[in-house]
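So you can see what is in the structure, the chains are spelled out below.
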Amino acid sequence: MLESSQPSPQRSAATESGADVQIHQLAATLKAAGDPLRLEILRLLSQDSYSVLELCRIFDLRQPALSHHLKVLSQAGLVSKRREGNNLFYRRTANSELLQRLFSGLDQLALTEERAATVAQIAAERAEASRRFFADYGNRFREQQELIASYNVYGPQVAQLLKPGRHALEVGPGEGEFLAELASRFGTVTALDLSQTMLERAQEFADEQGLQNIEFVCDDTRAAASRPESADCIVVNMVLHHTPDPAQIFHDLQKSLKVGGQLLITELHDHKQDWARDACGDLWLGFSPQQLIAWAADACLQRGRSEHSALRNGFQVQIQEFVKG
């Protein structure tokens, strides 16, 4: 006797149960997004992360009202949050094809002039705060660097991962030590830093070493993005934890990389040593490898090699390689 091709009652019930869960999840997502203000929040969070207080400024809302909307979006998986000190920073997430399509259409809509002006003002305030800090921090850079991870801890390891080419970019060169490694392996090198004070220190080092093929640019990573597919290699050593939106850095640098180019990130593992905020100007207390990998994947960068080094003072350094496919 031939066996029936009809599914068993148990299998049908399980399949229907799984489908029901997906339907309910989809309905919750669409309900959360189905509000004009929440759509505007999602549009804003497409390229940057913002704290609750910054979002209150942009949307001219009291904190309880805004927190309600953020809670709805978070529960629906539309935004992710990260606590740093007393602040919560929010960023948009797109973990399904449906959300990607929704956001693709949403991102074509412009912010109002008033909100765009507030966003620009917040960006300027962030940049100025960074400049002010490093104008003073530059005078005690090496002392504070030694408290966490000196250049000798990671510099030689990063150098071993370099693939020589025509042009390299280093973001945040510090006192310039790694520029010597790049200058000997690439035809031209760009040193990019938001702090004029730190850039001058790097240039002094380059002059002392007789490095003649280095261009010094005082700007943020948007300057790198404005030079599409120009770099064979980009190096970012111990910089991301000083930046307001590390995820955006990945997007900017991906644009600057040539196809097949490598991005080398040296960073601290996530830690709980809060004193680093005041002593070293850290905005973030390190990152998990999974967080860096996720940001890179979101910027269409493929994971490469990685190395990890434990330090005696309780910190751990990671070196992550990503490649533009």
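Residues numbered from 1 in each chain as written. Predicted model: local features only at pLDDT ≥ 70, side-chain atom pairs only at ≥ 80, totals over all residues. Heavy atoms only, no water.

Asker: Sorry, what's going on with the overall build of the protein chain here?
Answerer: Scanning the protein chain from N- to C-terminus turns up 14 helices and 10 strands. By the burial criterion, 48% of the 325 residues in the protein chain qualify as buried. Partitioning the contacts of the protein chain with sequence separation of at least 6, the portion at a separation of at least 24 is 67%. Split by element, the accessible area of the protein chain, about 16900 Å² in all, is 50% carbon and sulfur. (Helix = DSSP H or I, 4+ residues; strand = E, 2+ residues; numbered from the N terminus. Buried < 20%, exposed > 50% of the residue type's maximum accessible area, 1.4 Å probe, protein only. Contact = heavy atoms within 4.5 Å. Areas by Shrake-Rupley, 256 points an atom, 1.4 Å probe, with all protein chains shown as cover.)

Asker: Where do I start with the pattern of salt bridges in this structure?
Answerer: Pairing between side chains becomes possible if they bear opposite charge and their charged atoms approach one another. Counted by the stated rule, this structure contains nine salt bridges. Arg115 is paired through a salt bridge with Glu40; the nearest N and O atoms lie 2.0 Å apart. In this pair, Arg115 is assigned in helix H6 (residues 113-137) and Glu40 in helix H2 (residues 36-44), connecting sequence segments 75 residues apart. Using a relative accessible area of 17% as the deciding quantity, one classes Arg115 as buried. Between Glu321 and Arg305 there is a salt bridge, with the nearest N and O atoms lying 2.9 Å from each other. Of this pair, Glu321 sits in strand E10 (residues 316-324) while Arg305 sits in strand E9 (residues 301-310), and the two are 16 residues apart along the sequence. Taking relative accessible area as the criterion, Glu321 reaches 2% and is therefore assigned buried. For Arg305, a relative accessible area of 37% puts it in the partly exposed group. (Salt bridge = Lys/Arg side-chain N within 4 Å of Asp/Glu carboxyl O.)

Asker: Just checking my understanding: could you explain helix H5 (residues 97-106) for this structure?
Answerer: At 3.6 residues per turn, the α-helix brings residues three or four places apart onto the same side. Burial in H5 covers these residues: Leu99, Phe103 and Leu106. Taken around the axis of H5, the buried residues stretch over an arc of 55°, which confines them to a single face. Of the exposed residues in H5, the ones pointing more than 90 degrees away from its buried face are Glu97 and Arg101. (Arc of directions from axis to C-beta.)

Asker: Whenever I open this one, a negative patch on the surface confuses me. Can you help?
Answerer: There is a patch of like negative charges on the surface, built from Glu200, Glu204, Asp207 and Glu208. Mapped onto the elements of the fold, Asp207 is located in helix H10 (residues 196-209). Residue classification places Asp207 among the exposed positions, given a relative accessible area of 55%. (Patch = residues over 30% accessible without salt bridge, like charges linked within 9 Å, V, L, I, M, F, W, Y side chains within 5 Å. Lys, Arg positive; Asp, Glu negative; His and termini not counted. Charge placed at Lys NZ, Arg CZ, Asp CG, Glu CD.)

Asker: What's the story with unusual backbone geometry in this structure? I'm lost.
Answerer: A negative phi holds for most residues other than glycine; trans holds for most peptide bonds. Even without being a glycine, Asp60 presents a positive backbone phi close to 55°. Residue placement: Asp60 occurs in the loop between helix H3 (52-59) and helix H4 (63-75). One non-glycine residue with positive phi stands out, namely Met238, at about 55°. Secondary-structure assignment places Met238 in the loop between strand E7 (231-237) and helix H12 (246-256). Given a relative accessible area of 13%, Met238 falls into the buried group.

Asker: Explanation requested: the pairing of E7 in the structure shown.
Answerer: Remember that side chains alternate between the two faces of the sheet whenever the strand is regular. With seven of seven residues buried, E7 is to be regarded as a mostly interior element. When strand E4 (residues 165-171) meets E7, the two strands line up parallel, connected through four bridges. When the sheet's bridge partners are listed, Glu170 is paired in E7 with Val235. Bridge count for E7 against strand E8 (residues 257-268) is six bridges, and the pairing is parallel. Of the residues in E8, the one forming a bridge with Val235 is Leu264. Where the polypeptide runs from E7 across H12 and back to E8, its parallel neighbour, the crossover connection is right-handed. (Pairing = 2+ DSSP bridges. Right-handed = clockwise from strand over helix to strand, strands pointing away.)

Asker: Would you explain the confidence of the model for the protein chain in this entry?
Answerer: Detailed reading of the predicted model is not advised wherever pLDDT is low. Overall, the prediction assigns the protein chain a mean pLDDT of 85, with 86% of residues at 70 or greater. This model gives residues 1-5 a pLDDT under 50, and the stretch forms zero contacts once residues within four places in sequence are excluded. (pLDDT = per-residue confidence, 0-100.)

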